[in-house]
Amino acid sequence: MSAKAMEVIKNEVENNPIVLYMKGTPDFPQCGFSARSAEALKACGVPFKAVNVFDDEEIYRQGVKIYSNWPTIPQLFVDGELVGGSDIVIDMFQSGELKTMLENAANKG
């Protein structure tokens, strides 16, 4: 992975309290896992940055997997830390933990 790709991802993750790397966009997801993750975040009512990994294959589609050491997309980062993929996001949403985490991150700024 290029140094540029690492820098771009690091910047996004560190400068946005909530970042979801996904296939497609929240309004037009391009896979079921990304769709479910985006829906869970939207249901929490907290603004988040969504990054379509198809916008730049080198930086996002492969780069974010290397950056996080997580093999799949989507990936949710909160306060600069990887939370996880779709299964983790959905489990946390169902338990109510996701909403609390996102609200805390959004209110820090």
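Computed from a predicted model, the values in this text were never measured in an experiment. (Residues numbered from 1 in each chain as written. Predicted model: local features only at pLDDT ≥ 70, side-chain atom pairs only at ≥ 80, totals over all residues. Heavy atoms only, no water.)

Here's the deal with the sheet that holds strand S1 (residues 18–22)
Where we set the bar: Strand pairing follows a simple DSSP-based rule, namely that at least 2 bridges must link the two strands. We count a stretch as a helix when DSSP gives it H or I for four or more residues in a row; a strand needs E for two or more, and each element gets its number in order from the N terminus. Every axis in this analysis is a line fitted to C-alpha atoms, fitted for helices over the stretch in contact. Angles between the N-to-C directions lie between 0 and 180 degrees. Contact definition: two residues touch when any of their heavy atoms are within 4.5 Å.
One open sheet holds the 4 strands; their spatial order is S2-S1-S3-S4, and the pairing between them is mixed. Each of the sheet's edge strands pairs with one partner strand only, and the pair in question is strand S2 (49–52) and strand S4 (81–84). Put simply, the sheet's adjacent strands are angled 25° from each other on average, direction ignored. This element, helix H3 (residues 57–68), spans S1, S2, strand S3 (75–78) and S4 of the sheet and lies at about 55° to S3.

Section: the packing of helix H1 (residues 3–15) against H3
Test applied: Throughout, the term roughly parallel applies to angles under 35 degrees, roughly antiparallel to angles over 145, roughly perpendicular to angles from 65 to 115, and oblique to all others.
The interhelical angle for the contact between H1 and H3, taken along N-to-C directions, is 75°, at an axis separation of 9 Å. On the basis of the axis angle, H1 is roughly perpendicular to H3. Residue-level contacts link Lys-4, Ala-5, Met-6, Val-8, Ile-9, Lys-10, Glu-12 and Val-13 of H1 to Glu-58, Ile-59, Tyr-60, Gly-63, Val-64 and Tyr-67 of H3.

Thoughts on the environment of Ala-106
Checked against the element boundaries, Ala-106 lands in helix H5 (residues 97–108). Remark: the alpha-carbon pair of Ala-106 and Pro-47, spanning 59 residues in sequence, is separated by 7.4 Å.

Things to note about unusual backbone geometry
Threshold: Exposure categories follow from relative accessible area, calculated using a 1.4 Å probe and restricted to protein chains: below 20% of the type maximum is buried, above 50% is exposed, and the middle band is partly exposed.
The omega torsion across Ile-73 and Pro-74 is 10°, close enough to zero to call that bond cis. Within the fold, Pro-74 resides in the loop between H3 and S3. Within the chain, Asn-69 stands out as a residue other than glycine whose phi angle is a positive 60°. Inspection of the secondary structure puts Asn-69 in the loop between H3 and S3. According to the relative accessible area criterion, Asn-69 is exposed, its value standing at 69%. The backbone of Asp-79 shows a phi angle near 50°, a positive value even though the residue is not glycine. The topology assignment puts Asp-79 in the loop between S3 and S4.

Looking at the nonpolar core
General note: in soluble globular proteins, nonpolar side chains tend to be found buried as a group. Short version of the rule: The term nonpolar core refers to a set of buried residues drawn from Ala, Val, Leu, Ile, Met, Phe, Trp, Tyr and Cys, joined through side-chain atoms within 4.5 Å.
Counting 16 residues, the largest nonpolar core has Ile-18, Leu-41, Leu-76, Leu-98 and Leu-102 as its most contacted members. If you list the elements that add at least two residues to this core, you get S1, helix H2 (32–43), S3, helix H4 (86–95) and H5. Other than its neighbours up to four places away in sequence, Ile-18 contacts Leu-41, Val-46, Pro-47, Phe-48, Lys-49, Leu-76, Phe-77, Leu-102, Ala-105 and Ala-106.

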